[in-house]
Amino acid sequence: MDNCIFCKIVNKEINSKIVYEDDLVIAFLDLNQDCPGHCLIIPKEHVLSLHDISESVLNHILKVANELYYNFENSLNCDGLTLLQNNGCAQDVKHFHLHLLPKYLKKPDLSVDEIYTKIITK
Ligand code: 5GP
Ligand code: ZN
């Protein structure tokens with residue numbers, strides 16, 4: 001889809017810090033880290049919202065979210081994880097995305113580069 005920033009990330013036309021990729025999905029660090037390790041998982045195919053995504057891709061995204069949750073526990077020592085998914089007027093980027101927000105009893109003081117290195121080397 002032309003002019004979709006997340007399609008450009010999928011096509012590597014825009015740089016992002018990719019933490020996971022397979023044939024169906026890609027996960028990368030959110031530009032604005034609401035918490036250390038804040039990531040987005042998106043389908044490679046352009047779909048708008050929860051109304052549009054197939055059940056099989058949605059299931060796959062949840063499986064990848066669970067794998068990344070294990071990764072965040074090991075790499076960032078997070079104590080919990082919030083999943084967030086915005087649609088309609090709540091959604092800024094009009095390409096389906098699931099936010100992964102690691103939660104901490106004591107927030108680590110890490111730069112984005114340190115966070116990225118820890119995640120991708122686990
Ligand atoms: P929404 O409000 O649509 O659920 O959230 C969109 C998210 O995409 C925001 O958290 C925003 O920081 C993130 N975002 C927007 N543009 C970019 C980008 O070019 N690169 C990355 N890594 N994240 C982006
Ligand atoms: Zn798109």
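Scroll up to find the structure.
Below is a short write-up of the structure. Everything numeric in this text was worked out from a predicted model, so none of it was measured.

The rules behind these values
- Residues numbered from 1 in each chain as written.
- Chains lettered and ligands numbered in written order.
- Predicted model: local features only at pLDDT ≥ 70, side-chain atom pairs only at ≥ 80, totals over all residues.
- Heavy atoms only, no water.
- Phe/Tyr/Trp six-rings, centres within 6.5 Å; stacked < 30°, edge-to-face > 60°.
- Helix = DSSP H or I, 4+ residues; strand = E, 2+ residues; numbered from the N terminus.
- Buried < 20%, exposed > 50% of the residue type's maximum accessible area, 1.4 Å probe, protein only.
- Donors = N, O, S within 2.8 Å, 3.2 Å for Na, K, Ca; no water.
- Tetrahedral: all angles 85-135°; square planar, octahedral: opposite > 155°, others 65-115°.
- Core = buried A, V, L, I, M, F, W, Y, C linked by side-chain atoms within 4.5 Å.
- Contact = heavy atoms within 4.5 Å.
- Near = heavy atom within 4 Å.
- Polar contact = N/O pair within 3.5 Å; in protein donor to acceptor, adjacent residues only side chain to side chain.
- Pairing = 2+ DSSP bridges.
- Axes fitted to C-alpha atoms, helices over the stretch in contact; angles between N-to-C directions.
- Salt bridge = Lys/Arg side-chain N within 4 Å of Asp/Glu carboxyl O.

Under the definition given, this model contains one aromatic pair. Aromatic side chains F6 and F28 sit 5.5 Å apart centroid to centroid with 75 degrees between the ring planes, which places their arrangement in the edge-to-face category. Here the residue F6 occupies a position in helix α1 (residues 5–10), and F28 occupies one in strand β2 (residues 25–29), the gap between them amounting to 22 residues. Each of the two residues, F6 as well as F28, counts as buried.

A few words now on the coordination of the zinc ion (ligand 2). For a metal with four tetrahedral donors the ideal donor-metal-donor angle is 109.5 degrees, whereas six octahedral donors ideally subtend 90 or 180 degrees. Coordination of the zinc ion (ligand 2) by the protein comes from C4 (SG), C7 (SG), H46 (ND1) and H95 (ND1), over a distance range of 2.0 to 2.3 Å. Classification of the site at the zinc ion (ligand 2) rests on its four donor atoms, whose angles at the metal span 106 to 117 degrees, yielding the label tetrahedral. Along the chain, the residues donating to the zinc ion (ligand 2) fall in the pattern C-x2-C-x38-H-x48-H. Of the two residues, C4 sits in the segment before α1 while H95 sits in the loop between β4 (80–84) and β5 (98–103), which places them 91 residues apart along the sequence. For the pair C4 and H95, a shared accessibility class is recorded, and that class is buried.

This paragraph deals with the nonpolar core. A general feature of soluble globular proteins is that nonpolar side chains tend to end up buried together. Formed by 22 residues in total, the largest nonpolar core has its most connected members in V19, I41, I61, L68, F72, L100 and I119. Of all the secondary structure elements, the ones that give two or more residues to this core are β2, β3 (39–43), α2 (55–75), β5 and α3 (112–120). For this core, the leading source of residues is α2, giving six residues. Excluding anything up to four places from it in sequence, I61 contacts V25, I41, P43, I53, F96 and L98. Formed by ten residues, the second largest nonpolar core is a distinct cluster that contains C4, I9, I18 and F28.

The local shell around ligand 1 holds 16 residues, among which D30, N32, D92, H97 and H99 are the closest. One of the backbone N or O atoms of L31 is found 3.2 Å from a nitrogen atom in ligand 1. Between ligand 1 and H97, the relevant distance is 2.7 Å, taken from an oxygen atom to a side-chain nitrogen or oxygen of the residue. For the shell around ligand 1, the secondary structure elements donating two or more residues are α1 and β2.

Once that is clear, we can look at the sheet that holds β4. The strands that make up a sheet pair up through hydrogen bonds in the backbone, lying either parallel or antiparallel. Taken together, five strands build an open sheet; the order of strands is β1-β2-β3-β5-β4 and the sheet is antiparallel. Two strands lie at the open edges of the sheet, namely β1 (18–21) and β4, each paired on one side alone. Ignoring strand direction, the axes of neighbouring strands in this sheet form an average angle of 20 degrees. Where β1 and β2 come together, three bridges link them in antiparallel fashion. Bridge assignment links Y20 to a residue of β2, and that residue is A27. Of the strands in this sheet, β1 and β2 touch α3, which is tilted by about 30 degrees from β1.

What follows covers the pattern of salt bridges. In this structure the tally under the stated criterion is four salt bridges. When the shortest N-O distance is used, the salt bridge between K12 and E21 registers 3.1 Å. By relative accessible area, which is 46% here, K12 ends up partly exposed. Judged by its relative accessible area of 35%, E21 is partly exposed. Of the charged contacts in the structure, one is a salt bridge between D113 and K17, with a shortest N-O distance of 3.6 Å. With D113 in helix α3 and K17 in the loop between α1 and β1, the pair connects residues that are 96 residues apart, well separated along the chain. Because the salt bridges share partners, they merge into one network encompassing K12, E21 and K44.

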